[in-house]
Amino acid sequence: MQSFPEPARLLVDRMSAAAAADPGRAVAFQGAPGANSHRAAMEVMPDGLPLPCFSFEDALDAVKDGRAGQAIIPIENSQHGRVADIHFLLPESGLSIVAEHFLDIHHCLMARPGAGQIGAAYSHPQALGQSRFYLRERGIVPMAYADTAGAAALVAESAEAGIAAIAPRIAAELYGLDLLAEDIEDAHDNTTRFVLLSKTPRDPATLNGDSRAGQALTTFVFEVRNIPAALYKALGGFATNGVNMTKLESYQKGASFAATMFYADIVGAPGDPAVDRALEELAYFAKDLRILGSYPLERGRG
């Protein structure tokens, strides 16, 4: 059964009640209170009501069901790459990306007072991967958990000696843990990109015509037709129309390995003539083209 450890559950209940009273201001996120996604929610919407959810699917469902106005989801990390399954979840959610946000990630090792020699550390697989050299050098066994702050709550309620959690500093404060080490991430420019999702997409017309160069980003997924050089032809329109593609990733659709989906970001938004021409050419050579949203860039691409 999916549930948070008891120390986190008390905070979750309180935050869920506040969100239920004003769902329009609620921002759903995956993880226990104190997770990096909680931090991102507070930075993006300081006046919002963060709503903790156990899984990414739960956070997306909260928006679809009207229990939250928006959800904030991590999609990639500068050190550890794409967040698992997110390329499947975003298209299936039916929600639209309306903003992006970059969060500096700093991991801390924390444990109960008097925990003794640390032999194992619990955390989200992304955090474990981002701290793998630190853990390996000290002989600490990585133990996967649903999220960073949930791992901290798990350690807080456990009587087992020699275990710790890797989580943001705020989690130690929330769950009464001792900070054993800070900034243990292997790269200190460690950054995670989040996207904000809503039922209602941004109007591309509000993004075009801005005097700032490259102020809009559009995200979409597509599947190329099974013909020779289909991907080359599908992407040619972006080059000939001068549209900058900042991301292109492939992933398999189904177990046959016969259908390859692509996830892409381009600078610009529909309504711009160059973008419209490039997307029209893409649609000719591709199938199942779905735009996931157009939104302002938080950081320049180039």
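The structure displayed is predicted, hence computed values, not measured ones.

Reading the values: rules and limits
- Residues numbered from 1 in each chain as written.
- Predicted model: local features only at pLDDT ≥ 70, side-chain atom pairs only at ≥ 80, totals over all residues.
- Heavy atoms only, no water.
- Pairing = 2+ DSSP bridges.
- Helix = DSSP H or I, 4+ residues; strand = E, 2+ residues; numbered from the N terminus.
- Axes fitted to C-alpha atoms, helices over the stretch in contact; angles between N-to-C directions.
- Contact = heavy atoms within 4.5 Å.
- Salt bridge = Lys/Arg side-chain N within 4 Å of Asp/Glu carboxyl O.
- Buried < 20%, exposed > 50% of the residue type's maximum accessible area, 1.4 Å probe, protein only.
- Core = buried A, V, L, I, M, F, W, Y, C linked by side-chain atoms within 4.5 Å.
- 1 Å grid on protein atoms, 1.4 Å probe; cavity = no way out; pocket = protein on both sides within 12 Å on 5 of 7 lines; lining within 4 Å.
- Points joined across faces, edges and corners; volume = space filled by probe spheres on them.
- Nonpolar A, V, L, I, M, F, W, Y, C, P; charged D, E, K, R; others polar.
- Patch = residues over 30% accessible without salt bridge, like charges linked within 9 Å, V, L, I, M, F, W, Y side chains within 5 Å.
- Areas by Shrake-Rupley, 256 points an atom, 1.4 Å probe, with all protein chains shown as cover.
- Lys, Arg positive; Asp, Glu negative; His and termini not counted.
- Charge placed at Lys NZ, Arg CZ, Asp CG, Glu CD.
- Polar contact = N/O pair within 3.5 Å; in protein donor to acceptor, adjacent residues only side chain to side chain.
- Parallel < 35°, antiparallel > 145°, perpendicular 65-115°, else oblique.

Peer 1: Give me the sheet that holds strand β9 (residues 163-167): which residues, what numbers.
Peer 2: Across the sheet, which stays open at both edges, the five strands sit in the order β8-β7-β9-β6-β10 with mixed pairing between neighbours. On the outer flanks of this sheet lie β8 (141-144) and β10 (178-182), each paired with one strand and no other. Mean inter-strand twist for the sheet, computed between neighbouring axes without regard to direction, equals 30°. Each of β6 (108-111), β7 (120-123) and β9 touches helix α7 (residues 148-157); the most contacted strand, β9, lies at about 155° to it.

Peer 1: Got a sec to walk through the pattern of salt bridges? Specific residues and values, please.
Peer 2: The tally for this structure, following the rule as stated, stands at 15 salt bridges. With a shortest N-O distance of 3.0 Å, R193 and E100 are connected by a salt bridge. Highlighted residues: R193 in strand β11 (residues 191-198) and E100 in strand β5 (residues 96-104), separated in sequence by 93 residues. Here E223 and K287 are joined by a salt bridge, their closest N and O atoms 3.7 Å apart. Linking E223 in strand β12 (residues 216-224) with K287 in strand β15 (residues 286-296), this pair joins segments that are 64 residues apart in sequence. Residue K287 is classed as partly exposed on the basis of its relative accessible area of 38%.

Peer 1: So what about the nonpolar core? Which residues, and what values?
Peer 2: Within the largest apolar cluster, 31 residues are counted, with the highest numbers of intra-cluster contacts made by A28 and L197. With five residues, the single largest contributor to this core is helix α3 (residues 56-64). The residues touching A28, leaving out its near neighbours within four places in the chain, are L51, C53, A59, A62, A68, Q70, A71 and I72.

Peer 1: I'd love a proper account of empty space enclosed by the protein, names of residues and values included.
Peer 2: Applying the stated criterion across every chain, the model contains one cavity of 30 Å³ or more. For the largest cavity, the lining is made up of 18 residues, of which N36, S37, P74, H124 and Q126 are closest to its centre. Elements that contribute at least two residues to the lining of the largest cavity include exactly α2 (36-44), β3 (70-77), α5 (125-130) and β11. With three residues, the single largest contributor to the lining of the largest cavity is α5. Considered class by class, the residues forming the lining of the largest cavity number seven nonpolar, 10 polar and one charged.

Peer 1: Break down a negative patch on the surface for me, citing the residues and quoting the values.
Peer 2: Residues E43, D104, D189 and E298 make up a contiguous surface patch of negative charge. Turning to its location among the elements, E298 is positioned in the segment after β15. On the basis of relative accessibility, which here comes to 37%, the residue E298 falls in the partly exposed class.

Peer 1: If you had to explain α7 to someone new, which residues and values would you point to?
Peer 2: The buried count for α7 comes to eight of 10 residues, which makes it a mostly enclosed element. Listed as buried for α7 are T148, A149, G150, A151, A152, A153, V155 and A156. Between the side-chain oxygen at the start of α7 and the backbone nitrogen of A149 there is a gap of 3.1 Å, and the oxygen is on D147.

Peer 1: Describe the environment of H106, listing the residues and the values that go with them.
Peer 2: In this fold, H106 is placed in the loop between β5 and β6. The exposure class of H106 is partly exposed, given its relative accessible area of 34%. Separated by 25 residues in the primary sequence, H106 and S131 place their C-alpha atoms 9.9 Å from one another. In this structure H106 touches A167, P168, D183, E185 and H188, once residues within four positions along its chain are discounted. A distance of 2.9 Å separates the side chain of H106 from the side chain of E185, its partner in a polar contact.

Peer 1: Could you give an account of the environment of P33, with specific residues and numbers?
Peer 2: The residue P33 is located in the loop between β1 (26-30) and α2 in this model. Judged by its relative accessible area of 1%, P33 falls in the buried class. Residues P33 and R9, spaced 24 residues apart in sequence, show a C-alpha to C-alpha distance of 9.0 Å. Apart from residues no more than four positions distant in its own chain, P33 is found in contact with A8, L11, V12, M15, H38, P52, A149, L174 and Y175.

Peer 1: Go over the packing of helix α1 (residues 6-21) against α7 with me, naming the residues and quoting the values.
Peer 2: Contact pair α1 / α7: the axes reach a minimum separation of 7 Å and the direction vectors enclose 125°. By the angle class used here, α1 and α7 are oblique. Counting all contacts with α1, which are made through E6, P7 and A8, the residues of α7 involved are A153, A156 and E157. For the contact of α1 with α7, the per-class residue count stands at four nonpolar, no polar and two charged.

Peer 1: Describe unusual backbone geometry, listing the residues and the values that go with them.
Peer 2: Of note, D183 is a non-glycine position whose phi angle comes to about 55°, a positive value. Its identity as a non-glycine residue notwithstanding, A229 has a phi of 60°, on the positive side. By the element assignment, A229 lies in the loop between β12 and α9 (230-240).

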